[in-house]
Structure formats: structure tokens, C-alpha cells
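For reference, the chains in residue letters:
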Amino acid sequence: MLAVLLPALFLLAVTHAQPSEAQDPRAAARARMVAEVASMARETGAETGRPRFGEAVMAAMGKVPRHRFVPALQDIFAYDNRPLPIGEGQTISQPYIVALMTELARPRAGMKVLEVGTGSGYQAAVLAELVAKVYTIEIVAPLGKRAMQLLGELGYRNVDVRIGDGYGGWPAAAPFDAIIVTAAPAAVPQPLIDQLKPGGRMVIPVGAPSDVQHLLLVEKQSDGRTTTRRTLPVRFVPLTRDQGTKQ
């Protein structure tokens with residue numbers, strides 16, 4: 001993609017928002033990553049409707065230590081704007097996609113958010129910087145357990161991790177102000193729609209692995225009806241189901 005320079009004021013804000021490199025040797029790498037995310041947001045703004053992401057989202061992207069959420073062998077690539085393997089056949093999403101999905105969900109202080117597909121825990125950590133409570137579900141037990149431990153080590157006390165099938169959501173904690181799904185089902189799961197508050201938003205990739213997937217924004221109206229808007233073509237791993245609970 002064509003590189004676009006950030007406005008000087010934005011770069012200055014990002015620089016001052018981060019610890020000095022003496023305090024945090026990864027600060028400069030995160031600032032570069034944030035700059036690339038902002039550039040891609042402008043380039044894709046016509047499709048997403050969001051040519052500039054909110055300051056709070058960008059600050060969260062600049063704060064969360066992505067290198068802690070990737071395997072040691074991928075550490076050198078942690079702040080590249082691309083997906084990376086995290087084991088168990090899964091990936092950590094491209095930083096731009098994490099930022100876009102977060103932005104589309106419109107996170108705010110006081111909100112309760114559900115994430116389906118914890119993976120390494122990176123998306124949950126970004127959300128935890130912005131909302132009151134994050135509930136996240138991972139069906140791959142080794143990933144879920146590692147994410148639970150890491151999120152605890154990093155001090156994210158407002159994140160609850162559950163191991164299990166996320167297709168049915170988390171009924172005991174519903175309804176949610178927003179839902180983010182980080183794996184692609186063939187269609188939007190009805191249980192997730194049911195657990196979304198009126199006025200809430202769900203950001204979800206939809207499509208079969210062999211077909212073009214699209215990132216959808218689903219909004220629930222006050223009367224319970226939903227509207228769906230297609231944004232970008234994407235490529236996510238399939239939403240895995242527990243064989244014993246498929247409907």
C-alpha cells in the first residue's frame with residue numbers, strides 16, 4: 001500500500017503518549033505500527049466509513065505490548081502490520097484489522113463487551129484499555145489458558161476468559177454493548193444477535209474459508225431488528241465449533 005505521512009501533530013501526540021525508548025525499548029516500534037495503522041485507515045476509509053480512528057483506540061494500540069502476545073520466534077515481527085502465527089493453527093490479527101474492528105465497535109468507558117475467539121489475548125487487551133469489562137471465549141484450550149495467564153500477568157483484571165464454544169456466546173453475562181468475533185462463521189450466529197443490546201454493535205467476519213469473507217458491522221435497533229453493513233474483504237480462520245454442541 002502507498003505510504004502516507006501522518007500529520008506532524010498526530011505524530012507528536014503519539015510520541016508523547018508513549019514511554020521514552022529508554023524506559024520502553026519497544027515504544028518506537030509501537031509508534032511506527034500506529035502510524036501504519038493510521039495510514040491504512042485513510043486508504044480504506046471509503047470502504048469502512050472510518051478514514052480516521054479515534055484517539056482512544058489509537059492510544060490503546062500504542063500502549064498494549066503486542067510482542068507479549070506472539071511466540072518468541074515471532075518476536076522480531078511483533079510490530080509489523082501483519083498477522084502472525086500463534087500456534088495451534090491460529091493467528092494474531094494484523095494490527096490494522098484489530099484497530100478497525102475495535103473502532104467499528106465504538107468502545108466507551110462503562111461498556112461490557114464480548115469477544116469470540118480469544119486467540120493470544122491481544123484483541124481482548126486492546127478492548128480492556130477502553131471498556132469496563134471484557135468477556136472472551138476461546139475454544140482451543142491451550143491458547144485460552146495461555147491468554148488467561150498472560151492477561152493476568154499484564155494486569156488486565158477486567159477481562160474474563162472462558163474455554164469453550166463461542167458460537168452460543170456467554171448467556172450468563174449478556175446482554176453486551178458490543179461483540180467482536182475474530183473467526184469467520186458461514187453466517188452471523190443468531191445467539192450472538194440475541195445477546196446484543198438494543199443500540200449495540202457486532203463486528204464479525206463472515207464467509208466460508210474457500211470463499212471471499214467480508215467484515216460485517218451488525219447494528220441492533222431499539223425494536224430488536226438488525227441492520228448489516230459490509231466493509232472490507234478479509235481472511236480469518238474459520239469459527240471452530242464444539243462437535244457436541246453444533247446446532
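Visitor: Is there a simple way to explain the packing of helix H2 (residues 27-43) against helix H4 (residues 55-63) in this structure?
Guide: The relative placement of two packed helices is expressed as an angle between their axes plus a distance between the axes. Look at H2 against H4: their axes get within 8 Å of each other, and the N-to-C directions meet at 145°. Like other packed secondary-structure pairs, H2 and H4 cross with a definite hand, here right-handed. Mapping the contact onto sequence places Arg30, Met33, Val34, Val37 and Ala38 in H2 and Met58, Met61, Gly62 and Lys63 in H4. For the contact of H2 with H4, the residue count by class is six nonpolar, one polar and two charged.

Visitor: Help me out: how do you make sense of the pairing of strand E6 (residues 176-181) in this one?
Guide: Look at any regular strand and the pattern is simple: side chains alternate between the two faces of the sheet. The buried fraction of E6 is high, at six of six residues. Of the strand pairs in this sheet, strand E3 (residues 112-116) and E6 are connected by four bridges, and their pairing is parallel. By the bridge assignment for E6, Leu114 is matched with Ile179. Summarising the sheet, E6 and strand E7 (residues 196-206) pair through four bridges and their orientation is parallel. Following the sheet pairing, Ala178 is matched in E7 by Arg201.

Visitor: What am I meant to see in the layout of surface pockets here?
Guide: Reported here for the largest pocket is a volume of approximately 610 Å³. Here the residues of the lining of the largest pocket are counted per class, giving 21 nonpolar, 15 polar and three charged.

Visitor: I tried to follow the pairing of E7 on my own but got confused; where do I start?
Guide: Across the 11 residues of E7, eight count as buried, placing the element largely inside the fold. In this structure, E7 lies alongside strand E8 (residues 213-220), joined through six bridges in antiparallel fashion. In the strand pairing of E8, Arg201 is matched with Glu219. Taking the residues between adjacent antiparallel strands as the criterion, E7 and E8 are bridged by six residues, where Gly207 takes a positive phi near 145°.

Visitor: What's the story with the pattern of salt bridges in this structure? I'm lost.
Guide: Oppositely charged side chains may form a pair once their charged atoms are brought near each other. Taken as a whole, this structure holds 11 salt bridges when the rule is applied. The partner of Arg26 in a salt bridge is Asp75, with the nearest N and O atoms 3.0 Å apart. One end of the pair, Arg26, is in the loop between helix H1 (8-17) and H2; the other, Asp75, is in the loop between H4 and strand E1 (84-87), and 49 residues separate them in sequence. The exposure class assigned to Arg26 is partly exposed, which follows from its relative accessible area of 24%. Measuring nitrogen to oxygen at the nearest pair gives 3.3 Å for the salt bridge that ties Glu219 to Arg201. With a gap of 18 residues between them, Glu219 in strand E8 and Arg201 in strand E7 connect regions that are remote in the sequence. Judged by its relative accessible area of 26%, Glu219 falls in the partly exposed class. The exposure class of Arg201 is buried, given its relative accessible area of 10%.

Visitor: Help me understand the environment of Gln90 in this model?
Guide: With respect to the helices and strands, Gln90 occurs in strand E2 (residues 90-92). According to the relative accessible area criterion, Gln90 is buried, its value standing at 19%. Those residues in contact with Gln90 that lie beyond four places of it in its chain are Leu84, Pro85, Leu143 and Val237.

Visitor: I'm lost on the packing of aromatic side chains in this one. Help?
Guide: By convention here, two paired aromatic rings are described through the distance between centres and the angle between planes. For the coordinates displayed, the defined rule picks out four aromatic pairs. With 5.0 Å between their ring centres and 70° between their planes, Tyr135 and Trp170 make a pair best called edge-to-face. Within this pair, whereas Tyr135 is found in strand E4 (residues 133-138), its partner Trp170 is found in the loop between strand E5 (159-163) and E6, the two being separated by 35 residues in sequence. Judged by relative accessible area, which is 15%, Tyr135 ranks as buried. Judged by its relative accessible area of 8%, Trp170 is buried. These aromatic residues form a ring-pair network of at least three members: Tyr135, Trp170 and Phe176. Above the face of the Phe77 ring, Arg82 is positioned so that its terminal group lies 4.5 Å from the ring centre. Above the ring of Phe176, the side-chain terminus of Lys112 is found at 5.8 Å from the ring centroid.

The rules we used
Residues numbered from 1 in each chain as written. Predicted model: local features only at pLDDT ≥ 70, side-chain atom pairs only at ≥ 80, totals over all residues. Heavy atoms only, no water. Axes fitted to C-alpha atoms, helices over the stretch in contact; angles between N-to-C directions. Helix = DSSP H or I, 4+ residues; strand = E, 2+ residues; numbered from the N terminus. Left-handed = near helix turned anticlockwise from the far one by under 90°. Contact = heavy atoms within 4.5 Å. Nonpolar A, V, L, I, M, F, W, Y, C, P; charged D, E, K, R; others polar. Buried < 20%, exposed > 50% of the residue type's maximum accessible area, 1.4 Å probe, protein only. Pairing = 2+ DSSP bridges. 1 Å grid on protein atoms, 1.4 Å probe; cavity = no way out; pocket = protein on both sides within 12 Å on 5 of 7 lines; lining within 4 Å. Points joined across faces, edges and corners; volume = space filled by probe spheres on them. Salt bridge = Lys/Arg side-chain N within 4 Å of Asp/Glu carboxyl O. Phe/Tyr/Trp six-rings, centres within 6.5 Å; stacked < 30°, edge-to-face > 60°. Lys NZ or Arg CZ within 6 Å of the ring centre and 35° of its normal.

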